[in-house]
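Survey of secondary and tertiary structure
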Amino acid sequence: YVVNFNEDCAVSSEFFTNEACIETAMKNSDIDISKINDCMVDSGGLEGQQQNELLERAIDQQEYYSINVIPTILVQGEISLAFRPLDILRAICVTLKPPTPDICGYQTK
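Because the structure is a prediction, the values reported are computed rather than measured.

1. Some details on the overall build of the chain
What the chain contains, in helices and strands, is 7 helices and 2 strands. If you list the helices and strands of the chain from N to C, you get α-α-α-α-α-β-β-α-α. Structurally, the chain occupies a C-alpha span of about 55 × 35 × 25 Å along its principal axes. Among the 109 residues that make up the chain, the fraction classed as buried is 18%.

Okay, here's the thing in structure tokens:
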């Protein structure tokens, strides 16, 4: 999406906020626009002075965990320094009690 948006919409301030351009970039990236819109509405909406609950929870966690590197991954309330997908899977699997999901067996291979 970022590549499509930058190529199509970020070329000028006229297109940067153009809804049609944004929607085209999403469609070209196989993003379900309705899910994005639902998420924005569920998080507080775009109209008025509603608080964005999703953003507020992220800010609260950032302050609580003293996070100063983004992205940061929390696994069971602990900061994980893993950023590769297999390392993240391992970090999650080691916190689970048996029986663990089948995918956790993959992490040792």
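2. Comments concerning the side chain of asparagine 4
Locating asparagine 4 in the fold gives a position in helix α1 (residues 2–8). Reaching out from asparagine 4, the side chain makes a polar contact with the side chain of serine 29 at a distance of 2.7 Å. Ignoring any residue separated from it by four or fewer positions in sequence, one finds asparagine 4 in contact with Cys9, Ala25, Asn28 and Ser29.

3. A look at the state of the cysteines
In total, this model carries 2 disulfides according to the counting rule given. The disulfide bridge from cysteine 9 ends at cysteine 21, spanning 2.1 Å between sulfur atoms. The sign of the -105 degrees torsion about the S-S bond sets the cysteine 9-cysteine 21 disulfide as left-handed. Within this pair, whereas cysteine 9 is found in the loop between α1 and α2 (13–16), its partner cysteine 21 is found in helix α3 (residues 19–28), the two being separated by 12 residues in sequence. Look at cysteine 9 and you get buried, because its relative accessible area is 0%. Using a relative accessible area of 11% as the deciding quantity, one classes cysteine 21 as buried. Shown here is the disulfide that connects cysteine 93 with cysteine 104, its sulfur atoms set 2.0 Å apart. Taking the torsion about the S-S bond as the criterion, the cysteine 93 to cysteine 104 disulfide, at about -85 degrees, is left-handed. Remark: cysteine 104 occurs in helix α7 (residues 103–106) and cysteine 93 occurs in helix α6 (residues 85–93); sequence separation between them is 11 residues. Side by side, cysteine 93 and cysteine 104 carry an identical accessibility label, which is buried.

4. Looking at the packing of aromatic side chains
Applying the stated criterion across every chain, the model contains 2 aromatic pairs. Taking 5.8 Å as the distance between ring centres and 35 degrees as the angle between the ring planes, the aromatic pair formed by tyrosine 1 and phenylalanine 5 counts as tilted. By relative accessible area, tyrosine 1 is classed as partly exposed at 36%. Classification of phenylalanine 5 by relative accessible area gives buried; the value is 11%. Ring plane angle 85 degrees and centroid distance 4.9 Å describe the contact between tyrosine 64 and tyrosine 65, whose orientation is recorded as edge-to-face. Looking at tyrosine 64, the relative accessible area reads 66%, which means it is exposed.

5. Let's talk about unusual backbone geometry
The omega angle of the peptide bond from proline 98 to proline 99 is 0 degrees, so this bond is cis rather than trans. Not every positive phi belongs to a glycine, and aspartate 30 is a case in point at roughly 60 degrees. With respect to the helices, strands and loops of the structure, aspartate 30 is situated in the loop between α3 and α4 (33–42).

The rules we used
- Residues numbered from 1 in each chain as written.
- Predicted model: local features only at pLDDT ≥ 70, side-chain atom pairs only at ≥ 80, totals over all residues.
- Heavy atoms only, no water.
- Helix = DSSP H or I, 4+ residues; strand = E, 2+ residues; numbered from the N terminus.
- Buried < 20%, exposed > 50% of the residue type's maximum accessible area, 1.4 Å probe, protein only.
- Polar contact = N/O pair within 3.5 Å; in protein donor to acceptor, adjacent residues only side chain to side chain.
- Contact = heavy atoms within 4.5 Å.
- Disulfide = S-S within 2.5 Å.
- Phe/Tyr/Trp six-rings, centres within 6.5 Å; stacked < 30°, edge-to-face > 60°.

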